[in-house]
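So you can see what is in the structure, the chains are spelled out below.
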Amino acid sequence: ASEAADIRHELMGSCFTYLSLVVPLIMLVVLVTFRSIMIPLRLAIALLFTLAATYGTAVVIYQTPLLHGLFPWLAGFHGVVFEVIPMSTGLMIALGLDYDIFLV
């Protein structure tokens, strides 16, 4: 149990470092590619908003009893598993980047 707690602590602690490295690097690549300042800023705001909205929705669904009246099977869940956070972050950044670039 202590090994899982250590792994969880390391993973959750490294998420901020991961985001603080990945988002500026993506902004730099987009800045060099499109030669515009507004496109990377808009992209960073869109990526961070997407992450915040997704994690906020997951917290409301899985960690609060707000929806237990509509969906009683959610009462058995006690939160999001910590392995999901890094995987979903990478997936959301990739999809958000693709859709944001193609919409510009």
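Everything discussed here concerns the structure shown above.
Residues numbered from 1 in each chain as written. Predicted model: local features only at pLDDT ≥ 70, side-chain atom pairs only at ≥ 80, totals over all residues. Heavy atoms only, no water.

Trainee: Before we go on, may I ask you to explain the layout of surface pockets in this structure?
Mentor: Which parts of space are left empty comes out when a probe the size of a water molecule is rolled across the atoms. Its volume calculated, the largest pocket comes out at about 170 Å³. Met-12, Thr-54, Tyr-55, Ala-58, Val-59, Gln-63, Val-80, Val-81, Phe-82, Val-84, Ile-85 and Ser-88 together form the lining of the largest pocket. Elements with a contribution of two residues or more to the lining of the largest pocket: helix H2 (38–62) and helix H3 (84–103). Ranked by the residues each element gives to the lining of the largest pocket, the list is headed by H2, at four residues. Of the residues contributing to the lining of the largest pocket, the split by class is nine nonpolar, three polar and no charged. (1 Å grid on protein atoms, 1.4 Å probe; cavity = no way out; pocket = protein on both sides within 12 Å on 5 of 7 lines; lining within 4 Å. Points joined across faces, edges and corners; volume = space filled by probe spheres on them. Helix = DSSP H or I, 4+ residues; strand = E, 2+ residues; numbered from the N terminus. Nonpolar A, V, L, I, M, F, W, Y, C, P; charged D, E, K, R; others polar.)

Trainee: What should I look at first to understand the nonpolar core in this one?
Mentor: Within soluble globular proteins, side chains that are nonpolar tend to cluster in buried spots. Formed by Val-22, Ile-26, Val-30, Ile-39, Leu-43, Leu-47 and Ile-93, the largest nonpolar core amounts to seven residues. Looking at this core, the elements that each hand over two or more residues are helix H1 (2–34) and H2. (Core = buried A, V, L, I, M, F, W, Y, C linked by side-chain atoms within 4.5 Å. Buried < 20%, exposed > 50% of the residue type's maximum accessible area, 1.4 Å probe, protein only.)

Trainee: I keep staring at H3 and nothing clicks. Help me out?
Mentor: In an α-helix, one full turn covers 3.6 residues, which means residues spaced three or four apart are oriented alike. End to end, H3 covers 28 Å across 20 residues, agreeing with the expected 28 Å (1.5 Å per residue, within 8%). The inward-facing, buried residues of H3 abut H1 and H2. (Expected span 1.5 Å × (residues − 1). Contact = heavy atoms within 4.5 Å.)

Trainee: Teacher, can you tell me more about the packing of H1 against H3 here?
Mentor: A packed helix pair is summarised by two numbers, namely the angle formed by the two axes and the spacing between the axes. The contact between H1 and H3 brings their axes to 11 Å, and the two run at 15°. With respect to each other, H1 and H3 are oriented roughly parallel. Like other packed secondary-structure pairs, H1 and H3 cross with a definite hand, here right-handed. In this structure, H1 uses Leu-11, Met-12, Cys-15, Tyr-18, Leu-19, Val-22, Ile-26, Val-30 and Phe-34 to contact H3, whose residues at the interface are Ile-85, Pro-86, Thr-89, Gly-90, Ile-93, Leu-97 and Ile-101. Considered class by class, the residues forming the contact of H1 with H3 number 14 nonpolar, two polar and no charged. (Axes fitted to C-alpha atoms, helices over the stretch in contact; angles between N-to-C directions. Parallel < 35°, antiparallel > 145°, perpendicular 65-115°, else oblique. Left-handed = near helix turned anticlockwise from the far one by under 90°.)

Trainee: Where do I start with the side chain of Ser-88 in this structure?
Mentor: With respect to the element layout, Ser-88 can be found in helix H3. Classification of Ser-88 by relative accessible area gives buried; the value is 18%. At a separation of 2.8 Å, a polar atom in the side chain of Ser-88 contacts the main-chain carbonyl oxygen of Val-84. (Polar contact = N/O pair within 3.5 Å; in protein donor to acceptor, adjacent residues only side chain to side chain.)

Geometric values such as these leave the question of function open.
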